[in-house]
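What the coordinates show
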Amino acid sequence: MEGYSSNGTEGMGRPDGADRGGRGWTGWTVLLWLVAVSLVVAEGRRVKQPRCPPGCTCTKDNALCDNVRSVPHTFPSDVVSLSFVKSGFSEITGGSFVHTPALQLLLFTANSLDLIDEDAFLGLPHLEYLFIENNKIAAISPYAFRGLKGLIHLSLAYNNLETLPKDVFKGMGALTKVDLRGNNLVCDCKLKWLVEWMYHTNATLDQIYCTGPPIHQGKLINDLLPHAFDCITAEFASYQSLKFESISVESFAFGEDQYVVFAQPFAGTCSFLEWDHVEMTFRTYDTIEGTSTVVCKPMVIDDLLFVIVAQLFGGSHIYKRDTSANRFIKIQDIDILKIRKPNDIETFLIDGESFFVIADSSKAGSTTVYKWNGNGFYSHQSLHPWYRDTDVEYLEIGGKPHLILSSSSQRPVVYQWNRSRKQFDRRTDIPEMEDVFSVKHFRVKGELFICLTRFIGDSKVMRWDGAMFKETQTFPSRGSMVFQPVSIGKWQYAILGSDYSLTQVYQWDTKRSQFIPSQELSIQAPRAFSLVSMDDREFLLASSFKGKTQIYEHIMIDLSN
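Only a predicted model underlies this, so the values are computations on that prediction, with no experimental measurement involved. (Residues numbered from 1 in each chain as written. Predicted model: local features only at pLDDT ≥ 70, side-chain atom pairs only at ≥ 80, totals over all residues. Heavy atoms only, no water.)

1. A short note on the overall build of the protein chain
Across its full length, the protein chain holds three helices and 39 strands. Considering only C-alpha atoms, the protein chain reaches an extent of 160 × 55 × 40 Å along its principal axes. Put simply, of all contacts in the protein chain between residues at least 6 apart along the chain, 44% involve residues at least 24 apart. Carbon together with sulfur atoms contributes 50% to the accessible area of the protein chain, which is approximately 28,000 Å² in total. Mean positive and mean negative side-chain charge positions of the protein chain (55 and 64 charges, respectively) differ by 3 Å. (Helix = DSSP H or I, 4+ residues; strand = E, 2+ residues; numbered from the N terminus. Contact = heavy atoms within 4.5 Å. Areas by Shrake-Rupley, 256 points an atom, 1.4 Å probe, with all protein chains shown as cover. Lys, Arg positive; Asp, Glu negative; His and termini not counted. Charge placed at Lys NZ, Arg CZ, Asp CG, Glu CD.)

2. Things to note about the sheet that holds strand β16 (residues 281–289)
Spatially, the four strands line up as an open sheet ordered β13-β14-β15-β16, and their pairing is antiparallel. At either end of the open sheet lies a strand with only one pairing partner, and these are β13 (248–254) and β16. Shown here is a sheet whose adjacent strand axes are inclined to one another by a mean of 25°, direction ignored. (Pairing = 2+ DSSP bridges. Axes fitted to C-alpha atoms, helices over the stretch in contact; angles between N-to-C directions.)

3. Focus on the state of the cysteines
Per the counting criterion, the structure on display carries five disulfides. Between the sulfur of cysteine 189 and that of cysteine 231 lies a disulfide, 2.2 Å long from S to S. The chirality of the disulfide connecting cysteine 189 with cysteine 231 is left-handed, given an S-S dihedral of about -105°. Here cysteine 231 lies in the loop between β11 (204–205) and β12 (232–242) and cysteine 189 lies in the loop between β10 (177–179) and α3 (192–198), a separation of 42 residues in the sequence. Residue class for cysteine 189 comes out buried when judged on its relative accessible area of 13%. By sequence-ordered numbering of the bonded cysteines, the protein chain has its disulfides arranged as 1-3, 2-4, 5-7, 6-8, 9-10. (Disulfide = S-S within 2.5 Å. Buried < 20%, exposed > 50% of the residue type's maximum accessible area, 1.4 Å probe, protein only.)

4. What to know about the pairing of strand β27 (residues 413–418)
When you tally the buried positions in β27, you get five out of six residues, the bulk of the element. Relative to β27, strand β26 (residues 400–407) is paired through four bridges, and the arrangement is antiparallel. Its bridge partner being in β27, isoleucine 404 is matched across the sheet by valine 414. Linking β26 to β27, which pair antiparallel, is a turn of five residues. Sheet topology places β27 next to strand β28 (residues 423–429); six bridges connect them, and they run antiparallel. The residue bridging asparagine 418 from the neighbouring strand is glutamine 423, located in β28. Here β27 folds back onto β28 in antiparallel fashion, the turn holding four residues, of which lysine 422 has a positive phi close to 55°.

5. Considerations on the sheet that holds β11
Judged by pairing direction, the sheet is mixed, and its eight strands sit side by side in the order β1-β2-β3-β5-β7-β9-β10-β11 without closing on themselves. Of all strands in the sheet, those with a lone pairing partner are β1 (56–58) and β11, marking the two edges. Of the pairings in the sheet, the one linking strand β7 (residues 129–133) to strand β9 (residues 153–155) comprises three bridges and is parallel in character. Across the sheet, tyrosine 129 pairs through a bridge with histidine 153, a residue of β9.

6. Remarks on unusual backbone geometry
Looking along the chain, the bond that leaves glycine 212 and enters proline 213 is cis, with omega of -10°. Here proline 213 lies in the loop between β11 and β12. In this structure, asparagine 134 is a non-glycine residue whose phi angle is positive, near 55°. Secondary-structure assignment places asparagine 134 in the loop between β7 and β8 (139–140). For glutamate 432, which is not a glycine, the phi torsion comes out positive at approximately 55°. Assignment of secondary structure puts glutamate 432 in the loop between β28 and β29 (438–444). Among the residues examined, glutamate 432 registers a relative accessible area of 66% and is labelled exposed.

7. Re the pairing of strand β3 (residues 81–85)
Taken across its five residues, β3 has four buried, putting it largely inside the fold. In terms of strand pairing, β3 meets strand β5 (residues 105–109) through five bridges, oriented parallel. By the bridge assignment, serine 81 is partnered in β5 with leucine 105.

8. Quick look at the pattern of salt bridges
Within this structure, the stated rule accounts for 24 salt bridges. Ionic pairing is found between lysine 470 and aspartate 465, a salt bridge with its closest N-O pair at 3.4 Å. Overall, the relative accessible area of 33% leaves aspartate 465 in the partly exposed class. When the shortest N-O distance is used, the salt bridge between aspartate 509 and arginine 512 registers 3.5 Å. Judged by its relative accessible area of 16%, aspartate 509 falls in the buried class. According to the relative accessible area criterion, arginine 512 is exposed, its value standing at 54%. (Salt bridge = Lys/Arg side-chain N within 4 Å of Asp/Glu carboxyl O.)

9. With respect to the confidence of the model for the protein chain
The predicted model of the protein chain has a mean per-residue pLDDT of 90, with 91% of residues at 70 or higher. Taken together, the stretch residues 1–47 has pLDDT below 50 and engages in seven contacts with residues farther than four places along the chain or on a different chain. (pLDDT = per-residue confidence, 0-100.)

10. What about the environment of isoleucine 331?
Mapping isoleucine 331 onto the fold places it in strand β20 (residues 327–333). When near neighbours in sequence (up to four residues on either side) are disregarded, isoleucine 331 contacts Phe306, Ile318, Tyr319 and Lys320.

11. Examining the packing of aromatic side chains
According to the stated counting rule, one finds 41 aromatic pairs in the structure shown. Here the aromatic rings of phenylalanine 475 and phenylalanine 483 are separated by 5.2 Å at their centres, their planes lie at 65°, and the arrangement is edge-to-face. The same class applies to phenylalanine 475 as to phenylalanine 483, namely buried. By the ring-pair criterion, three or more aromatic residues cluster together here, those being Phe442, Phe449, Phe475, Phe483, Tyr506, Trp508 and Phe515. Lying across the ring of phenylalanine 328, arginine 321 places its NZ or CZ 4.6 Å from the centre. Lying across the ring of tryptophan 491, lysine 490 places its NZ or CZ 5.0 Å from the centre. (Phe/Tyr/Trp six-rings, centres within 6.5 Å; stacked < 30°, edge-to-face > 60°. Lys NZ or Arg CZ within 6 Å of the ring centre and 35° of its normal.)

This is how it looks when you write it as structure tokens:
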């Protein structure tokens with residue numbers, strides 16, 4: 001018993017195996033070491049907890065930053081509301097708040113902000129309230145609010161916004177309130193999308209007044225309808241460049257196809273082009289060889305195609321298309337004693353009979369009308385001898401056929417068709433319009449207008465008032481040889497060429513009843529314009545006397561996009 005008692009006392013009085021060289025204390029040492037390490041780690045974690053940044057005041061769950069120079073990247077993790085007041089940074093850059101994903105409310109007021117960048121609020125999945133008020137915001141990226149799917153209330157009140165990028169609220173389906181008061185919103189086509197959005201969103205907007213344009217100025221944007229915006233416009237876009245100079249261009253239909261023909265004075269040819277429906281370009285169809293060709297005028301009579309080819313040297317001729325041989329053949333010469341220096345050709349029908357007239361610009365020649373007699377063309381009437389005519393225009397005034405001859409030696413002269421005599425009689429001239437190179441006419445809502453081209457000075461638009469032509473608008477001319485009206489659907493244009501500057505395209509404004517500047521085209525020494533329709537597309541053909549002939553496509557543009 002004594003031995004047992006002694007051994008038991010030793011076993012109970014010391015840690016396990018303490019009598020074995022001190023090894024009994026090892027377990028307790030490890031345990032104490034682990035506890036100490038845990039305390040140190042915990043203390044370390046408490047030290048690394050983000051503190052409130054300089055310039056900011058933090059409470060339990062919100063932070064207010066006053067006059068800071070940039071957005072701090074560290075805030076206490078329990079901050080869910082963050083405000084910036086009178087801060088010095090000018091823009092909210094992308095990803096500024098990726099380090100504060102717990103935010104539910106974000107406010108900017110009385111700052112110097114003028115720009116909100118793309119993905120400015122990326123990484124804020126819990127944000128519900130965003131106030132950017134009383135700042136200087138003038139521009140917002142289209143993707144500024146990307147990712148804010150849970151946002152309920154957005155205020156951009158009292159900034160310098162004049163517009164908003166289209167679909168800037170896209171993907172923000174939770175919105176119930178948008179405040180845009182106190183901005184200078186211009187209710188033009190750029191904001192049409194907002195009006196459409198207002199009609200489809202569940203969010204409410206406070207009443208906002210338009211500061212422009214004049215048609216909507218002072219109106220509530222909330223009261224506007226999408227159809228109140230006229231946002232479809234058009235322009236001529238460069239489509240194809242042809243590697244030759246030309247002085248005239250005509251488009252025409254023959255059979256079931258459309259063609260164009262250019263007169264090339266230096267090459268001495270009439271170049272016919274057709275449309276390639278596969279390559280979607282204009283390609284060579286045929287040519288008529290000649291000398292110093294200035295006009296190639298197509299004329300279709302009873303399914304026969306004739307081409308009057310006017311030349312400065314070697315006389316002028318008439319060609320006919322031989323469909324069986326698939327080529328042009330010369331059928332007639334034009335009297336060289338009457339037509340010495342042709343400058344323009346017009347074709348027309350009167351009472352079912354076919355005519356053409358050639359304006360002659362020589363001192364000894366005479367502008368002459370020719371008539372088709374079933375077998376050929378013969379001289380029907382000589383007009384305006386010795387006056388050096390530069391242009392002839394056929395038009396109807398009051399339902400009666402008329403010709404207007406332009407001349408370098410006198411004012412434009414108006415001739416009227418005498419049905420009993422079957423000839424043109426001189427009627428009047430256009431007063432105070434000396435030095436007119438050409439006259440072209442157009443109609444708007446039944447009213448007759450003419451464009452008068454002057455090389456230097458002022459080209460003009462005049463309107464027929466029932467008794468005479470009266471000036472309605474003037475256009476500065478700087479080396480102008482063509483002032484061509486063209487009509488495409490509802491669009492009416494006037495194109496003023498220039499040898500010294502860019503060609504000016506004007507578009508008719510129905511509300512003002514006048515032309516307004518539309519665009520500029522770069523064409524070297526333009527001489528003529530013509531329209532042709534191919535595959536439901538409209539093309540403007542532009543001859544160039546000193547450079548490459550140009551082809552433009554008329555395209556529609558939606559300004560609301």
